[in-house]
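# Breakdown of the fold
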2 protein chains.
Amino acid sequence: MKEKRAKKTQARSQETRETIYEAALVLFQKKGFEDATMREIAASAGVALGSAYYYFRTKEEVVLEFYKRTLEKDDQIKAYFKEETGLKERITYVIRLRIKQFAPFKKFLWVLAKNAVVPGSPLSPFSEESAEIRDKAIAIFEEAVADCKPAPAQLAKELPFLLWLYQLGILLFWVLDQGKTMRKTDILLNTTSEMIVWLVKSSGLPIFGGISKRISTLIQELRD
Amino acid sequence: MKEKRAKKTQARSQETRETIYEAALVLFQKKGFEDATMREIAASAGVALGSAYYYFRTKEEVVLEFYKRTLEKDDQIKAYFKEETGLKERITYVIRLRIKQFAPFKKFLWVLAKNAVVPGSPLSPFSEESAEIRDKAIAIFEEAVADCKPAPAQLAKELPFLLWLYQLGILLFWVLDQGKTMRKTDILLNTTSEMIVWLVKSSGLPIFGGISKRISTLIQELRD
DNA sequence: GTCTATAACCGGATAGAC
DNA sequence: GTCTATCCGGTTATAGAC
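Residues numbered from 1 in each chain as written. Chains lettered and ligands numbered in written order. Predicted model: local features only at pLDDT ≥ 70, side-chain atom pairs only at ≥ 80, totals over all residues. Heavy atoms only, no water.

### Thoughts on the packing of aromatic side chains
Residues and elements named next belong to chain B. Evaluated as defined, the whole model comprises 28 aromatic pairs over all chains. For the ring pair F66 and F108, a centre distance of 5.7 Å and an interplane angle of 65 degrees mean the geometry is edge-to-face. Of this pair, F66 sits in helix α4 (residues 59–72) while F108 sits in the loop between α6 (87–102) and α7 (110–116), and the two are 42 residues apart along the sequence. In this pair, the class of F66 matches that of F108, namely buried. (Phe/Tyr/Trp six-rings, centres within 6.5 Å; stacked < 30°, edge-to-face > 60°. Helix = DSSP H or I, 4+ residues; strand = E, 2+ residues; numbered from the N terminus. Buried < 20%, exposed > 50% of the residue type's maximum accessible area, 1.4 Å probe, protein only.)

Have a look at this one:
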């Protein structure tokens, strides 16, 4: 009996949270992150300011929630990997899909980028708190690398992490690029992804000397 | 007569600005950027809050001022380039010197990094407003590349810009690395600088196909 | 113990008098 | 160019409702 009530309450609570979240997203899109105030968001969601802060510890946390939810939409990716084994195709597919998913919300995504760069921020992609999100994101690239063509001669172990970093970089570039089309991002993605694949393919060749060994040692040392 | 008075006034004004700047730096070091308030800074400088804002449009602008001034200290660099022509040595010298100069103020340097990532921020290293600082910083690498060993087979034109980006990256890593020693940054700098030099040296070889051509086209397209 | 609402705090930034 | 007074919005404290 008690439990049932608790559940109902939980469900209503969840709805309230959702309402606030959606009101926030609408306002962020309409006015940008800074010009949308928490007071407006709360009012637009029909709750008091204090309630908004009950569900989201900070204004920025709403943006993180958005990021998390978007990353969870990965069904298409898994399906695509079944059809396509080319490494370049897989990498560019994932990144292009993310950009497509984020595009309507581009205006306020720099908030996340900003936090990536503030030491100790819980919203940083490198933080303890976002370990779960990060691991899931890296896992996508683990799948992308599995049984792909060309098979990575070396570096197979570090490649998913490196590709995740690469993805962050491309997304950052896209977010910062104010242009209306994503022409520049497209050029960057195309060129660099080809280089990566070429590097992965050639990494075993003698000319490269111990370069892939050195990279893998480097990554291991830096990742703690 | 009038001019003399104006000059005197200007000089006094410059002193006030300096006093505020120094008070701010002391407080930023002692308490960090966020915990040092503009009210404290103004009080510590012996001026009113409004006066502090007369000289610095925002709290963050004080940090930019610090960055600008530090970059201007480049005598040692020019002297070093006269003695040493090795590209790796030159690059690592410049970056290590910057880190040494910034080290006492490491605690609040992320403020600059943050702005690099906010579109339209005048404090961003990519902004119109900081073009002058940026050009000076790139010019250092133009000198580093001039008559260096090995001579860049290709890419000579884009290399200074690329090295400036590289420097930003290493500095960012260092700022974000919370460790007390700069061991990780050292490893990263050593390994990657060697790779860069190796790449620069080999970029003309046939195995690389048109890769340096592609990189240079890419940079040109992306730099507007 | 879960949730909502009101009032207050704090600090960056601005307006405008002198 | 300097000051005081004020605004504004993120955040917090807290009282109480369910």
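### So, the protein's contact with DNA strand C
In the vicinity of DNA strand C there are 19 residues, among which S13 of chain A together with M38, R39, Y53 and K59 of chain B approach most closely. Take K59 of chain B: an N or O atom from its side chain is 2.7 Å from a phosphate oxygen of DNA strand C. Among the secondary structure elements, those contributing two or more residues to the surface near DNA strand C are α1 (2–31) and α3 (49–55) of chain A together with α2 (38–45) and α3 (49–55) of chain B. Its residues placed into classes, the surface near DNA strand C shows eight nonpolar, eight polar and three charged. (Near = heavy atom within 4 Å. Polar contact = N/O pair within 3.5 Å; in protein donor to acceptor, adjacent residues only side chain to side chain. Nonpolar A, V, L, I, M, F, W, Y, C, P; charged D, E, K, R; others polar.)

### Quick notes on the protein's contact with DNA strand D
The environment of DNA strand D is formed by 17 residues, the closest being R39 and K59 of chain A together with A48, Y54 and Y55 of chain B. Counting only the atoms of DNA strand D that lie within 4 Å of the protein, the sugar and phosphate share comes to 57%. A distance of 2.7 Å separates a phosphate oxygen of DNA strand D from a polar side-chain atom of Y55 of chain B. Mapped onto the surface near DNA strand D, the elements with two or more residues apiece are α2 (38–45) and α3 of chain A together with α1 (2–31) and α3 of chain B. Here the element with the most residues in the surface near DNA strand D is α3 of chain B; it accounts for four residues. In terms of residue class, the surface near DNA strand D is made up of eight nonpolar, six polar and three charged.

### Regarding the packing of helix α4 (residues 59–72) of chain A against helix α6 (residues 87–102) of chain A
All names here are of chain A. For the pair α4 and α6, the least separation of the axes is 11 Å and the interaxial angle reads 135 degrees. Taken together, the axes of α4 and α6 lie oblique to each other. The two elements α4 and α6 cross, and the hand of that crossing is right-handed. In this structure, α4 contributes F66, Y67, T70 and L71 to the contact, and α6 contributes R98, Q101 and F102. (Axes fitted to C-alpha atoms, helices over the stretch in contact; angles between N-to-C directions. Parallel < 35°, antiparallel > 145°, perpendicular 65-115°, else oblique. Left-handed = near helix turned anticlockwise from the far one by under 90°. Contact = heavy atoms within 4.5 Å.)

### What about the interface of chain B and chain A?
Counting residues at the interface gives 31 residues for chain B, matched by 31 residues for chain A. In total, chain B and chain A occlude about 3,000 Å² of area from one another, counting both sides; carbon and sulfur atoms represent 73% of this. Considering only the side of chain B, the residues that lose the most area to chain A are V117, P119 and L222 of chain B, jointly responsible for 19% of the buried surface there. At the surface where chain B touches chain A, the tally comes to four salt bridges. The residue E221 of chain A makes a salt bridge to R183 of chain B at a minimum N-O spacing of 2.9 Å. The interface formed by chain B and chain A holds six residue pairs in polar contact (both at pLDDT 80 or more) in total. Those elements that provide at least two residues to the side of chain B that touches chain A are α7, α9 (159–176), α10 (183–202) and α11 (211–222) of chain B. No other element matches α10 of chain B, which puts nine residues into the side of chain B that touches chain A. Here the residues of the side of chain B that touches chain A sort into 20 nonpolar, four polar and seven charged. (Buried area = accessible area lost by both parts, 1.4 Å probe. Salt bridge = Lys/Arg side-chain N within 4 Å of Asp/Glu carboxyl O.)

### Regarding the relation of the copies chain B and chain A
For the pair chain B and chain A, the superposition axis carries a translation of 0.0 Å, the fit reaches an RMSD of 0.1 Å, and the rotation angle comes to 180 degrees. The two molecules are tied by a two-fold rotation axis, judged by turn and shift. Rotation axis and chain B: the residue whose C-alpha lies nearest the axis is K114 of chain B, separated from it by 2.6 Å. Of the residues that chain B buries at the interface, 100% are likewise interface residues in chain A, meaning the two copies contact each other through the same surface. (Least-squares fit on C-alpha atoms with pLDDT ≥ 70 in both.)

### Some thoughts on the nonpolar core
In terms of nonpolar packing, the biggest core is built from 144 residues, with F28 of chain A together with F28 of chain B touching the most fellow members. Apart from residues no more than four positions distant in its own chain, F28 of chain B is found in contact with F33, A36, I41, K59, V62, V63, K107 and F108 of chain B. (Core = buried A, V, L, I, M, F, W, Y, C linked by side-chain atoms within 4.5 Å.)

### Quick look at the domain arrangement of chain A
Residues and elements named next belong to chain A. You can read the domains of chain A as domain 1 (1–56) and domain 2 (60–222). Opposite the 13 residues of domain 1 that make contact, domain 2 presents 13 residues. Interface area, domain 1 with domain 2, both sides summed: about 1,200 Å², of which 68% is carbon and sulfur. Sorting the residues of domain 1 by area buried against domain 2 places Y21, Q29 and F33 first, and these three jointly supply 46% of that buried surface. Taken together, the links from domain 1 to domain 2 amount to two salt bridges. A salt bridge links E65 to R17; the shortest N-O distance between them is 2.5 Å. On the surface where domain 1 and domain 2 come into contact, there are four residue pairs in polar contact (both at pLDDT 80 or more). (Domains from an automatic or database assignment.)

### Digging into a nonpolar patch on the surface
Judged by side-chain polarity, L205 and I207 of chain A together with L205 and I207 of chain B come together as a nonpolar surface patch covering roughly 290 Å² of accessible area. When you line up the elements, I207 of chain B lands in the loop between α10 and α11. Judged by its relative accessible area of 37%, I207 of chain B falls in the partly exposed class. (Patch = residues over 30% accessible without salt bridge, like charges linked within 9 Å, V, L, I, M, F, W, Y side chains within 5 Å. Areas by Shrake-Rupley, 256 points an atom, 1.4 Å probe, with all protein chains shown as cover.)

### Some remarks on the pattern of salt bridges
Counting across every chain of the model gives 24 salt bridges over all chains. Two residues, R96 of chain A and D186 of chain A, come together in a salt bridge whose shortest N-O distance is 3.0 Å. With R96 of chain A in helix α6 and D186 of chain A in helix α10 (residues 183–202), this pair connects stretches of sequence that are 90 residues apart. In this structure, E143 of chain B and K78 of chain B form a salt bridge, with 3.4 Å as the shortest nitrogen-oxygen distance. Here E143 of chain B is found in helix α8 (residues 131–145), whereas its partner K78 of chain B is found in helix α5 (residues 75–83), with 65 residues between them in sequence. For K78 of chain B, a relative accessible area of 36% puts it in the partly exposed group.

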